[in-house]
Amino acid sequence: MTQKQNKNLFKGIRDTISVAWAIDKKFFLITALLMLLGGLLPVFTGYASKLFLDSIISTAAGGITIVTSALLGILVFRYALYIIVEFRNVYLYEYVQRSSRLKAQAWLNLTASQKISGLDLQHFENPETQDLISKIWRDALGRIIPAINNIFFAGTYATTLIGSILALLSFSSWLPFVAIAITIPRLIILRDRADFSWSIFDRTAPESRKLGYYTDLTQDKDAVIETRIFGTQGYFLNQIKVMQEKILGETLKPIQKYLGKIWIPTIMENVFIFFIIYLKLPAVLSGAISIGTITFVIQMLNEVIDNSSNVHSQLSNIYEDQLYIANYFTFMNLQPLVKDKEPGHRFEEIKPPKIGFQNVSFEYPNGPAVLKKVSFSIQPGEHLAIVGPNGAGKTTLVKVLLRLYDVSKGSILINDVDLRDIPRTHWYEFVGTLFQSFQKYALTVRENITMSSKEKDNEEKMKKAAQLSGAAEFIEKFSKKYEQQLGRQFDGEELSVGQWQKLALARAFYEEAPVLILDEPTSAIDAEAEAEIFENLNNAYKHKTLIFISHRFSTVRNADKIIVLKDGEIVESGTHQSLIDNKGIYARMFQKQAKGYID
Ligand code: ADP
């Protein structure tokens, strides 16, 4: 191995042991002790067998035909050791390993889920991080427990190896070292295997991700309509086959190469043992070496060869494990991209603040500028509408206000405090949101509405939120009303997209945040219901701040202030009337839509 590989291996072992230690200290210590004991037992039982054989032969040679107490004592010693071996195996494999495996898996899944839930949106939008996440769920997490076991097994084999070397040293000063040397070819081949399988794994990651994507598409309820109508399922099935063949091809190549080589060390090792026995046979026949001793030496020789190659192959397994689970450590060390200042600025009261954008520019990582020197302000309780063509940067503007991203230049001020100085959890106490990509939770109606708030059981508030959003109408028709389970996954009622959107709106209303941010909140709702929702909204949010993105001028026109975004810049702003008088882009967009309705 290269120096760097050795360094990675030892760092990996150290990190893996620290995970095992963190999962359960008691099981770690018990397993370590039992593994060490397991390592010493083959030497002890081998020695007990030697004593037993020599004792039988010398007793028989003395013409004694009854079982002497010395012989009986040795026999008892030998079988007592076997009982210990059996107990240790049963306790270790049936109890310690099984129970710790369950606990470890639960711990790993939970810590990884916790980590994922703390990641920034930007992490999810980065293809490398996406690859990393899919790799750790696919491979790294399931591999940590075997990796811990492999380290323990390496410890067991190393203990047996050292024990049998010491036993052999008392017989010959060179034999154990030649035995170790003979196993070196196996180490080289095993190391190559680890490198191979790693490179397949790394090389096929994009294909695996695509495979997962295509498979999901064939199963996704929402995609079914399109795949059936457009007849695209045949295309996706073919893509699945192409990806599978590519992955399989990449995987088989190195395995075949490995199989072509592995017979070499196996033959070398066995020829070596045969040769040593042949060399010592005259000494045994002359009586210079006892039968028990030569049996013990052969057994220890086998142990040295087996265990030095076992240690090699364990190290190779550990090395391979590390290549995969290094991703887990990289993942667990991902740093937040949007950083909170500690302790940061906290406001005394949670009430509608003054919001100011000052020359805000923003670009997505490696992307062109999406917001360019955007400046505007919103007074407490003001209703602001953001309009503009697709891709103008409207959603992005909202995202930076929610600090899902930090602005690239300029600043966003909340009551004259820079947003970057306010801890996000504190800022989120001020805002409620509804995005275009809102969630449809397969939970009860009650949970869907109340989950966003700390206060989960305010019946009156929940019903009021449902009234405001227009959801109450269909909820009241359910036999279980607010306790109705939703979503097909759990045998619940399925809603139409518009009904889901009303429910998501109710969730946003229930929170009663001082600032409500809505990104096309009524895109799937009919015009009449939309007008009613906005009327409700304008009343309920009379003294609160409302920021919404909409393409429907019937709702936009009622806002206190409207900003028109185009190519990331504010091209116009003002009230509906002033913008119409201005006869600019807003007036043209408004007239086009109005004409569509009138014609
Ligand atoms: P709008 O809401 O006005 O339709 P968006 O704010 O969604 O516009 O998008 C503005 C521009 O930013 C578009 O060109 C879009 O392609 C780009 N964009 C949006 N989201 C991302 C992202 N996560 N990564 C890179 N570019 C993005």
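Our subject is the structure that appears above.
Presented here is an overview of the structure given in this document. The shown structure was predicted, so the numbers you read here are calculated from the model rather than taken from an experiment.

A closer look at the overall build of the chain
From N to C terminus, the chain includes 22 helices and ten strands. Projecting the C-alpha coordinates of the chain onto the three principal axes gives extents of approximately 125 × 50 × 45 Å. Of the roughly 31,400 Å² of accessible surface on the chain, a fraction of 59% belongs to carbon and sulfur atoms. In the chain, which carries 66 positive and 62 negative side-chain charges, the distance between the mean positions of the two groups comes to 5 Å.

Considerations on a nonpolar patch on the surface
Together, W174, V178, F274, F275, Y278, L279 and L281 line one region of the surface with nonpolar side chains, adding up to about 760 Å² of accessible area. Broken down by element, the nonpolar patch gets its largest block of residues, five residues, from helix α11 (residues 263-286). One can find L279 in helix α11. With a relative accessible area of 45%, L279 lands in the partly exposed category.

Here we look at the sheet that holds strand β1 (residues 355-363)
Strand pairing in a sheet is mediated by backbone hydrogen bonds. Such pairs are either parallel or antiparallel. Taken in spatial order, the four strands make up an open sheet running β2-β1-β4-β5, and their pairing is antiparallel. Strands with a single pairing partner mark the edges of an open sheet, and in this sheet they are β2 (369-378) and β5 (417-418). Here strand β4 (residues 409-414) pairs with β5 via two bridges, running antiparallel. Paired with I414 across the two strands is V417, which belongs to β5.

Here's the deal with the pattern of salt bridges
By the definition in use, this model includes 22 salt bridges. Close ionic contact of R424 with D340 constitutes a salt bridge, the shortest N to O distance being 3.4 Å. Here the residue R424 occupies a position in helix α14 (residues 424-427), and D340 occupies one in the loop between α12 (291-332) and β1, the gap between them amounting to 84 residues. Assessed through its relative accessible area of 16%, R424 is described here as buried. Given a relative accessible area of 30%, D340 falls into the partly exposed group. The partner of R420 in a salt bridge is D418, with the nearest N and O atoms 3.1 Å apart. For D418, a relative accessible area of 18% puts it in the buried group. Residues joined in a network through salt bridges with shared partners are D120, D340, R403, D406 and R424.

Regarding the packing of aromatic side chains
Summed over the entire model, instances satisfying the criterion amount to 19 aromatic pairs. Both rings, one in Y328 and one in F329, keep their centres 5.3 Å apart while their planes meet at 75°; by these two values the pair is edge-to-face. Taking 4.6 Å as the distance between ring centres and 15° as the angle between the ring planes, the aromatic pair formed by F357 and F376 counts as stacked. Taken together, the positions of F357 in strand β1 and F376 in strand β2 put the pair 19 residues apart, joining distant regions of the chain. Exposure remark for F357: the relative accessible area of 3% places this residue in the buried category. Ring-pair connections join several aromatic residues into one group, and the members of that group are Y213, Y214, Y235 and F236. For K26, the ring lying beneath its charged end belongs to F27, and the centroid distance is 5.7 Å. In this structure, K461 packs its charged tip against the face of Y510, placed 4.6 Å from the ring centre.

Thoughts on the environment of G142
Structurally, G142 can be placed in helix α5 (residues 127-169). What makes G142 partly exposed here is its relative accessible area of 49%. Sequence spacing of G142 and L108 is 34 residues, and the spatial spacing of their C-alpha atoms is 9.0 Å.

Brief notes about the nonpolar core
Ranked by internal contacts, the top residues of the largest apolar core, which has 47 residues, are I449, I475, L503, F509 and Y586. Beyond its immediate sequence surroundings of up to four residues, L503 is in contact with V445, N448, I449, A471, I475, L486 and L495. Residues L384, Y405, I414 and L565 belong to the second largest nonpolar core, which totals 34 residues.

Quick word on the side chain of T16
With respect to the helices, strands and loops of the structure, T16 is situated in helix α1 (residues 3-23). The buried category is assigned to T16, whose relative accessible area is 1%. Here the side chain of T16 touches G12 through a polar contact of 2.6 Å, landing on its backbone oxygen.

Some details on the environment of K280
In this structure, K280 sits in helix α11. In sequence terms K280 and I294 are 14 residues apart; their C-alpha atoms lie 8.2 Å from each other. Other than its neighbours up to four places away in sequence, K280 contacts F171, I289 and I294.

Re the sheet that holds strand β9 (residues 561-566)
The six strands are arranged β6-β7-β8-β3-β9-β10 in an open sheet whose pairing can be described as mixed. In this open sheet, the two edge strands, each paired with only one partner strand, are β6 (431-434) and β10 (569-574). Averaged over all pairs of adjacent strands, the angle between strand axes in this sheet comes to 15°, irrespective of strand direction. Where helix α18 (residues 497-510) meets the sheet, its contacts fall on β6 and β7 (515-519), and the angle it forms with β6 comes to roughly 175°.

Observations regarding the pairing of β9
Pairing between strand β3 (residues 383-387) and β9: four bridges, direction parallel. Within the sheet, the bridge partner assigned to A385 lies in β9 and is I562. In sequence, β9 turns back onto β10 through a hairpin of two residues, with D567 there showing a positive phi of about 50°.

Digging into the site of the ligand
Neighbouring the ligand are the residues E125, Y364, V370, P389, N390, G391, A392, G393, K394, T395, T396 and Y405. One of the backbone nitrogen or oxygen atoms of G391 is found 2.7 Å away from an oxygen atom of the ligand. In isolation the ligand has 560 Å² of accessible area, and contact with the protein removes 60% of it. Looking at the shell around the ligand element by element, the count peaks at three residues for helix α13 (residues 394-401). Looking at side-chain class alone, the shell around the ligand contains five nonpolar, five polar and two charged residues.

Here is what the cut-offs are and how they apply
Residues numbered from 1 in each chain as written. Predicted model: local features only at pLDDT ≥ 70, side-chain atom pairs only at ≥ 80, totals over all residues. Heavy atoms only, no water. Helix = DSSP H or I, 4+ residues; strand = E, 2+ residues; numbered from the N terminus. Areas by Shrake-Rupley, 256 points an atom, 1.4 Å probe, with all protein chains shown as cover. Lys, Arg positive; Asp, Glu negative; His and termini not counted. Charge placed at Lys NZ, Arg CZ, Asp CG, Glu CD. Patch = residues over 30% accessible without salt bridge, like charges linked within 9 Å, V, L, I, M, F, W, Y side chains within 5 Å. Salt bridge = Lys/Arg side-chain N within 4 Å of Asp/Glu carboxyl O. Buried < 20%, exposed > 50% of the residue type's maximum accessible area, 1.4 Å probe, protein only. Pairing = 2+ DSSP bridges. Phe/Tyr/Trp six-rings, centres within 6.5 Å; stacked < 30°, edge-to-face > 60°. Lys NZ or Arg CZ within 6 Å of the ring centre and 35° of its normal. Core = buried A, V, L, I, M, F, W, Y, C linked by side-chain atoms within 4.5 Å. Contact = heavy atoms within 4.5 Å. Polar contact = N/O pair within 3.5 Å; in protein donor to acceptor, adjacent residues only side chain to side chain. Axes fitted to C-alpha atoms, helices over the stretch in contact; angles between N-to-C directions. Near = heavy atom within 4 Å. Nonpolar A, V, L, I, M, F, W, Y, C, P; charged D, E, K, R; others polar.

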